[in-house]
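Structural characterization, general
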Amino acid sequence: MKKLLFLAIGLLTIAASVNAQDGPRRYPRRVVRRLPPQQQSHRYRPVDDWYKPKVGIAGGLNISNTVDAYNADFSTSSVAGAHIGLTFELPIVYPLSFAPEFLFSQKGYKAETPDGTFRQRTNFIDIPLLAKLRVTKGFNIVVGPQLTFQTSTRNTYDDGFSTIYRDNYDGLRDKSYLSGLIGVGFDLNRNAELRFRYALDFNQNRGDANSSIPDYRNQVFQIGLGFKFQ
């Protein structure tokens, strides 16, 4: 009986010694993420991946016509076209980023003349160089210049009896233009954006000062979708 008592006391002593060596159980400390200096001055921390550069695609509808900078009575009807291309977004400092794009864009106009209906369709390569400002999460504003390179033109004359097509009309300068662009965007989800934009040419599109063609400039209303690849 005494042997069993001494054995029990010995086992309890060993168990207590092992428990004392292990000490109290320690739990890993919670790691608190510190904000980058450029974010610490803001009231809230962006929870998305705004600071990552992004590449994407965009496309949609163009509604375009022309205006004359020196003749308020000059007006044309709108024609529909399309735009599609690549988009880029390079964060600078929250909430501002640089957003260049490379787009194929169709523009033009329609006019009723005494001889019939005249329609012009011109294809361009547009390169918007935009500043993108996030106003709130899910809503942004873009503004900036746009370089425009004319690639081809088709004029259509319809007098009600026959239709005449004429490509690459010499009266228009086959060169680059400078436009201004402003727009807004709404994030539909993390990767998709609904875009509304307006662009207007800064320089005239007629061949020379003695040309009989009005001093018209393209104006384009755009609605489209953009998709970003993370």
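Just so it is clear, the model here is predicted, and its values are computed rather than measured.

Notes on the packing of aromatic side chains
What describes a pair of aromatic rings is the distance from one ring centre to the other and the angle between the planes of the rings. Within this structure, the stated rule accounts for nine aromatic pairs. Ring centres of Phe186 and Phe196 lie 6.3 Å apart, and the angle between their planes is 80 degrees; this geometry places the pair in the edge-to-face category. Pair noted here: Phe186 is in strand E7 (residues 176-187) and Phe196 is in strand E8 (residues 192-201), with a separation of ten residues, a long-range link. Phe186 gets classed as partly exposed once you look at its relative accessible area, which sits at 37%. For Phe196, a relative accessible area of 32% translates into the label partly exposed.

Topic: the environment of Gly138
Relative to the helices and strands, Gly138 is located in the loop between strand E4 (116-136) and strand E5 (139-158). Along the backbone, Gly138 and Phe186 are 48 residues apart, and their C-alpha atoms lie at a distance of 5.5 Å. Setting aside residues up to four positions removed in sequence, Gly138 forms contacts with Gly185, Phe186 and Asp187.

Considering the pattern of salt bridges
Summed over the entire model, instances satisfying the criterion amount to five salt bridges. When the shortest N-O distance is used, the salt bridge between Glu101 and Arg197 registers 3.0 Å. With Glu101 in strand E3 (residues 96-113) and Arg197 in strand E8, this residue pair connects regions lying 96 residues apart in the sequence. In this structure, Glu101 and Arg197 share a single accessibility class: buried. A single salt-bridge network, built from bridges that share partners, covers Glu89, Lys132 and Glu193.

Side note on the confidence of the model for the chain
In this model, the chain carries an average pLDDT of 79, and 67% of its residues clear a pLDDT of 70 or more. Note on residues 1-8: pLDDT under 50 across the span, and zero contacts to partners over four residues away in sequence or across chains. This model gives residues 41-47 a pLDDT under 50, and the stretch forms nine contacts once residues within four places in sequence are excluded.

Comments concerning the environment of Ala99
You can see Ala99 is positioned in strand E3. Judged by relative accessible area, Ala99 falls into the buried class, the value being 5%. Beyond its immediate sequence surroundings of up to four residues, Ala99 is in contact with Phe88, Glu89, Pro128, Leu130 and Lys132.

What counts and how
Residues numbered from 1 in each chain as written. Predicted model: local features only at pLDDT ≥ 70, side-chain atom pairs only at ≥ 80, totals over all residues. Heavy atoms only, no water. Phe/Tyr/Trp six-rings, centres within 6.5 Å; stacked < 30°, edge-to-face > 60°. Helix = DSSP H or I, 4+ residues; strand = E, 2+ residues; numbered from the N terminus. Buried < 20%, exposed > 50% of the residue type's maximum accessible area, 1.4 Å probe, protein only. Contact = heavy atoms within 4.5 Å. Salt bridge = Lys/Arg side-chain N within 4 Å of Asp/Glu carboxyl O. pLDDT = per-residue confidence, 0-100.

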